[in-house]
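Residue-level listing of the chains:
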Amino acid sequence: MEEYMLPCLSKKLFGIDCLGCGIQRAIVLLLEGEFTAAFYMYPAIYTMLLFFSFIGISFIDKSRNYHKIIMLFGTVTAVIMVVSYLYKVIVY
């Protein structure tokens, strides 16, 4: 699976990581059962999975309104992505 990963266009063209760098490797680590390593690779992986899960559930279950929880997980995911990106840029 790792040989079929897409390269980061931002890193390839400009030499800097983007906000999504590491997500493919984190998903592979999740599939391999390496849950802690997946978090260290991409800290927003779990909130992002919850975000997309609730989006999927909202398409299936039309009787409930999932708007607030989707907005909550979307906001939390975005904050974690930005904070972890800034941490990576400043520390490394």
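Residues numbered from 1 in each chain as written. Predicted model: local features only at pLDDT ≥ 70, side-chain atom pairs only at ≥ 80, totals over all residues. Heavy atoms only, no water.

Draft legend 1. Region of the structure containing the side chain of Thr 47. The topology assignment puts Thr 47 in helix H4 (residues 45-60). Here Thr 47 falls in the buried class, since its relative accessible area comes to 15%. One polar contact links the side chain of Thr 47 to the main-chain carbonyl oxygen of Ala 44, over a distance of 3.2 Å. Setting aside anything within four residues of it in sequence, one finds Thr 47 in contact with Phe 73, Val 76, Thr 77 and Ile 80. (Helix = DSSP H or I, 4+ residues; strand = E, 2+ residues; numbered from the N terminus. Buried < 20%, exposed > 50% of the residue type's maximum accessible area, 1.4 Å probe, protein only. Polar contact = N/O pair within 3.5 Å; in protein donor to acceptor, adjacent residues only side chain to side chain. Contact = heavy atoms within 4.5 Å.)

Draft legend 2. Highlighting the packing of aromatic side chains. According to the stated counting rule, one finds four aromatic pairs in the structure shown. Their ring planes at 40° and their centres at 6.1 Å tell us that Phe 54 and Tyr 66 sit as a pair that is tilted. Note that Phe 54 is positioned in helix H4 and Tyr 66 in the loop between H4 and helix H5 (67-91), a separation of 12 residues in sequence. The interplanar angle of 10° and the centroid separation of 5.7 Å between the aromatic rings of Phe 54 and Phe 73 together place this pair among those described as stacked. With Phe 54 in helix H4 and Phe 73 in helix H5, this pair connects stretches of sequence that are 19 residues apart. Taken together, the ring pairs in this structure connect Phe 54, Tyr 66 and Phe 73 into an aromatic cluster. (Phe/Tyr/Trp six-rings, centres within 6.5 Å; stacked < 30°, edge-to-face > 60°.)

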